[in-house]
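Results of the structural survey
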Amino acid sequence: MSVKNFEELFIHELSDTYSAEKQMSKALPRLARAADNPKLVAAFEAHLEETLVQIERIDQIVELMGIKLKRIKCAAMEGLVEEGKDVIDSIEKGPLRDAALIGGAQKVEHYEIAAYGTLAALAKQQGQRDALKLLLETLKEEKATDEKLTMLAEQGGNERAQMDSEAA
């Protein structure tokens, strides 16, 4: 990473986040197929649609600012996606896997919340009001998705997983 000024830092962070979103757009269908609870399947499918819109927002920011993204791969998201694959491979489909998938998805949301919070602060510092508006819109969505995942876990998902594993 060769970053020499504030604008290059913003471009690097935006490029990294773009890579993260692209990776998630490929991982979410796999997560939806791996989930057992219909509400969790629906949540993953809805978040895929949201993720595609978020990718479009990044494209809008690139156009608005007249910048070019770097071709980089978000290593953090790559690791989180790999963890999701491990869950799918190592836990039988059912409530326990769903609980693990929710936990993994929340790790992703927390990463994305941090990424968009950072990008928003950088855009604000640069006086990029239009970019800031788009980034804050995505940040709000990521926080809402995290809250939905928490509700799924609290509405019996974790309890069912515990009961199933104790019965086994």
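Residues numbered from 1 in each chain as written. Predicted model: local features only at pLDDT ≥ 70, side-chain atom pairs only at ≥ 80, totals over all residues. Heavy atoms only, no water.

1. Brief notes about the overall build of the protein chain
Inclusion rule: Secondary structure follows DSSP: runs of H or I at least 4 residues long count as helices, runs of E at least 2 residues long count as strands, and numbering of each begins at the N terminus. Partly exposed residues are those whose accessible area sits between 20% and 50% of the maximum for their type, while under 20% is buried and over 50% is exposed, using a 1.4 Å probe and protein chains only. By definition in these notes, contact holds between two residues if any of their heavy atoms fall within 4.5 Å. Only the protein chains shown count as cover for residues, with accessible areas throughout obtained via the Shrake-Rupley method and a probe of 1.4 Å.
In terms of regular secondary structure, the protein chain is built from five helices and zero strands. Secondary structure elements of the protein chain, listed N to C terminal, follow the sequence α-α-α-α-α. A principal-axis box enclosing the C-alpha atoms of the protein chain has dimensions of 55 × 25 × 20 Å. Taken across its 168 residues, the protein chain has 47% of its residues classed as buried. In the protein chain, the proportion of contacts linking residues at least 24 apart, taken out of those at least 6 apart, comes to 81%. Accessible surface computed for the protein chain: about 9,400 Å², of which carbon and sulfur atoms make up 52%.

2. Focus: the pattern of salt bridges
Note on pairing: side chains with opposite charge can pair once their charged atoms come close. Cut-off, in case you're wondering: We define a salt bridge as a side-chain nitrogen of Lys or Arg found within 4 Å of a carboxyl oxygen belonging to Asp or Glu.
What the rule picks out here adds up to four salt bridges. For Lys73, the salt bridge identified is with Glu78, shortest N-O distance 3.5 Å. We classify Lys73 as exposed; its relative accessible area is 53%. A relative accessible area of 39% means that Glu78 is categorised as partly exposed. The partner of Lys107 in a salt bridge is Glu83, and the shortest N-O contact between them spans 3.0 Å. Within this pair, whereas Lys107 is found in helix H4 (residues 95–126), its partner Glu83 is found in helix H3 (residues 75–90), the two being separated by 24 residues in sequence. When its relative accessible area of 38% is taken as the criterion, Glu83 is described as partly exposed.

3. Some thoughts on H4
In plain terms, the rule: For a helix, the expected span equals 1.5 Å multiplied by the residue count minus one.
Helix length check: H4, at 32 residues, gives a terminal C-alpha distance of 46 Å against a target of 46 Å (1.5 Å per residue), a fit within 8%. Phi turns positive, to about 75°, at Gly127, one or two residues after H4.

4. Remarks on the nonpolar core
Counted only if it meets this: Side-chain atoms within 4.5 Å are what join buried Ala, Val, Leu, Ile, Met, Phe, Trp, Tyr and Cys residues into a set we call a nonpolar core.
Judged by nonpolar contacts, the single largest core of 25 residues is most densely connected at Met24, Leu31, Leu40, Phe44, Met77 and Leu101. Elements represented by at least two residues in this core include exactly helix H1 (6–34), helix H2 (38–65), H3, H4 and helix H5 (129–167). When residues in this core are grouped by element, the largest group, seven residues, is from H1. Formed by 22 residues, the second largest nonpolar core is a distinct cluster that contains Tyr116, Ala120, Leu122 and Leu139.

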